[in-house]
Amino acid sequence: FGIAVSGSAFAAGEGSGSSTTVQQCKNGKVWDKREKKCVAPQQGALDDESLYEAGRDLAYAGRYDEAIGVLSLAANRNDKRILNFLGFSHRKAGRLEVGIGYYRQAIEIDPAYALGREYYGEALLMKGDVAGARAELATIEVLCGSQACEEFEDLAEGISAFEKARDG
């Protein structure tokens with residue numbers, strides 16, 4: 001069976017489509033490339049890259065609490081990608097302020113992290129902070145332009161949709 005996965009990160013080079021973890025593993029397990037099987041995630045049992053990939057893909061599949069559990073096992077607490085997807089998962093699970101905190105950490109580590117800024121801008125929109133979202137959009141434009149920059153296009157669309165809904 002296939003899993004429909006949406007999100008700009010895939011097009012932005014951060015993702016690779018639906019993963020083996022999402023396709024094969026259930027009950028909180030993740031795919032271990034070395035063992036070539038689903039395993040229970042444990043700190044130190046999987047490398048951070050594998051934890052990141054599994055967590056990101058679980059997040060994009062809507063399995064937010066599983067994603068948080070997996071991402072929280074990473075040894076490197078300063079990986080902007082892991083922090084970003086902890087933010088994404090918390091935000092999508094309804095914990096907006098927790099998500100914002102993770103986005104801010106990711107951006108503090110790498111101010112040029114366009115995907116982190118896009119998701120942070122989306123979170124700001126959820127709070128009704130259009131000016132804050134526009135500020136993130138302006139920064140993304142400086143980082144990667146407005147043409148062929150998925151992060152710019154997605155946040156610009158989000159702002160436009162928010163304003164249309166707000167203005168009736």
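Residues numbered from 1 in each chain as written. Predicted model: local features only at pLDDT ≥ 70, side-chain atom pairs only at ≥ 80, totals over all residues. Heavy atoms only, no water.

Caption draft 1: Expanded view of the state of the cysteines. Counted according to the given criterion, the structure contains two disulfides. Here C25 engages in a disulfide with C38; their sulfurs sit 2.1 Å apart. The chirality of the disulfide connecting C25 with C38 is left-handed, given an S-S dihedral of about -85 degrees. In this pair, C25 is assigned in the loop between α2 (20–24) and β1 (30–32) and C38 in strand β2 (residues 37–39), connecting sequence segments 13 residues apart. Each disulfide pairs two cysteine sulfurs, and for C144 the partner residue is C149, the sulfurs being separated by 1.8 Å. (Disulfide = S-S within 2.5 Å. Helix = DSSP H or I, 4+ residues; strand = E, 2+ residues; numbered from the N terminus.)

Caption draft 2: Highlighting the packing of helix α8 (residues 130–144) against helix α9 (residues 150–167). Contact geometry of α8 with α9 gives a least axis separation of 9 Å together with a crossing angle of 160 degrees. With respect to α9, the element α8 is oriented roughly antiparallel. For α8 against α9, the interelement crossing comes out left-handed. Contacts from V130, A133, R134, E136, L137, I140, E141 and C144 in α8 reach E151, F152, L155, A156, I159, F162, E163 and R166 in α9. Classifying every residue of the contact of α8 with α9 gives ten nonpolar, no polar and six charged. (Axes fitted to C-alpha atoms, helices over the stretch in contact; angles between N-to-C directions. Parallel < 35°, antiparallel > 145°, perpendicular 65-115°, else oblique. Left-handed = near helix turned anticlockwise from the far one by under 90°. Contact = heavy atoms within 4.5 Å. Nonpolar A, V, L, I, M, F, W, Y, C, P; charged D, E, K, R; others polar.)

Caption draft 3: Summary view of the packing of aromatic side chains. Counting across every chain of the model gives eight aromatic pairs. With centroids separated by 5.3 Å and ring planes inclined at 85 degrees, the aromatic side chains of Y60 and F85 adopt a geometry described as edge-to-face. Pair noted here: Y60 is in helix α3 (residues 48–60) and F85 is in helix α5 (residues 80–92), with a separation of 25 residues, a long-range link. Judged by relative accessible area, which is 0%, F85 ranks as buried. Where F85 meets F88, the ring centres are 5.8 Å apart and the plane angle is 55 degrees; that geometry is what we call tilted. Placement of both F85 and F88 in helix α5 is noted, with a separation of three residues, approximately one turn of the helix. The same class applies to F85 as to F88, namely buried. Members of the aromatic cluster, joined through ring pairs, are Y52, Y60, Y64, F85, F88, Y103 and Y119. It is R81 that lies over the ring of Y52; its NZ or CZ is 4.0 Å from the centre. (Phe/Tyr/Trp six-rings, centres within 6.5 Å; stacked < 30°, edge-to-face > 60°. Buried < 20%, exposed > 50% of the residue type's maximum accessible area, 1.4 Å probe, protein only. Lys NZ or Arg CZ within 6 Å of the ring centre and 35° of its normal.)

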